[in-house]
Amino acid sequence: GLSSVNFTNLEFEKFTNFKCFKNLFELYLNNNSLNIIKSYYFEYAFSLGFLDLKHNKIEIFQQSSLANSRQLIFLDLSYNRLKFLSQNVFIETNSAIFSYSNLNILYLNDNQLEYFDILDFFSYSMSLTLNNNRIKRFETKSYNENLKLLDLNLNDNGLDKIEYFSFGQNLKQIVSLLLKR
């Protein structure tokens, strides 16, 4: 079946779902006008490994909207209007929390994030880009021995505090840490 679909620059504000693309690996929805990611949009995206949603107007991800996309390797949510991203986006409603073991590149730069608390949820070597947000304090709720942060970009957030204990052993693997104020 079809493995890559490009819906770039089509001014999409919404869509139904990708039921007909169950084997889809790459999906480009960048440069559209999406503002809410509904829980059913990616309901059938079981094979999705690459999702590009940058340059939209996304403010909200409904609960479980990426729960079936457990094969994600790359997720770009940059240049949107996100103020918060909850781990509930990645899990089924009323489900036990499982970890996303494949996601290794997550772009959240140039949003309006004030708080970020989903690091505990990932268990892989990953690059995380959070520059140009509004994050004042960076911490995780618990030590995650499975997470290996390779690159972390927190530039231009006006950080007041970074809790070292929240990174624990994760900083031992880090290759690049950007903290420019």
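None of these values were measured; they are calculated from a predicted model.

Colleague: Requested: an account of the pattern of salt bridges, with residues and values cited.
Modeller: Considering all chains together, one arrives at 3 salt bridges under this definition. Put simply, Lys 54 and Asp 76 hold a salt bridge, and the shortest N to O gap is 3.9 Å. Residue Lys 54 is found in the loop between strand E4 (50-52) and strand E5 (60-61), and its partner Asp 76 is found in strand E6 (residues 74-76); the two are separated by 22 residues along the sequence. Looking at Lys 54, the relative accessible area reads 23%, which means it is partly exposed. Between Lys 180 and Asp 156 there is a salt bridge, with its nearest N and O atoms 3.5 Å apart. With a gap of 24 residues between them, Lys 180 in the segment after strand E12 (176-178) and Asp 156 in the loop between strand E10 (148-153) and strand E11 (161-162) connect regions that are remote in the sequence. The exposure class assigned to Asp 156 is partly exposed, which follows from its relative accessible area of 28%. Shared partners join several salt bridges into a network, and the residues in it are Asp 52, Lys 54 and Asp 76.

Colleague: Would you mind going over the sheet that holds strand E1 (residues 4-6) in detail, with residue names and values included?
Modeller: Read across the sheet, 8 strands follow the order E1-E2-E4-E6-E7-E8-E10-E12 without closing on themselves; strand pairing throughout is parallel. Sheet topology places E1 and E12 at the edges, where each strand pairs with a single neighbour. Averaged over all neighbouring strand pairs, the angle between strand axes comes to 10°, with direction disregarded. Examined bridge by bridge, E4 and E6 share 3 bridges and lie parallel to one another. When the bridges of E6 are listed, Phe 50 appears paired with Phe 74.

The rules behind each value
- Sequence positions are assigned chain by chain, starting from 1 and proceeding in written order.
- Owing to the predicted nature of the model, reporting of local features is limited to residues with pLDDT of at least 70; listing and counting of side-chain atom pairs is limited to 80 or more, with chain, interface and lining totals taken over all residues.
- As a rule here, side-chain values cover all heavy atoms of the structure and leave hydrogens and water aside.
- The salt bridge definition used is simple: a Lys or Arg side-chain nitrogen within 4 Å of an Asp or Glu carboxyl oxygen.
- Helix numbering and strand numbering both begin at the N terminus, where a helix is a DSSP run of H or I of at least 4 residues and a strand a DSSP run of E of at least 2.
- For every residue, the accessible area (1.4 Å probe, protein chains only) is compared with the maximum for its type, and the residue is labelled buried under 20%, exposed over 50%, or partly exposed between those bounds.
- DSSP calls a pair of strands paired once it identifies at least 2 bridges connecting them.
- A fitted line through C-alpha atoms serves as each axis, taken over the contacting stretch for helices, and the angle formed by two N-to-C directions is quoted from 0 to 180°.

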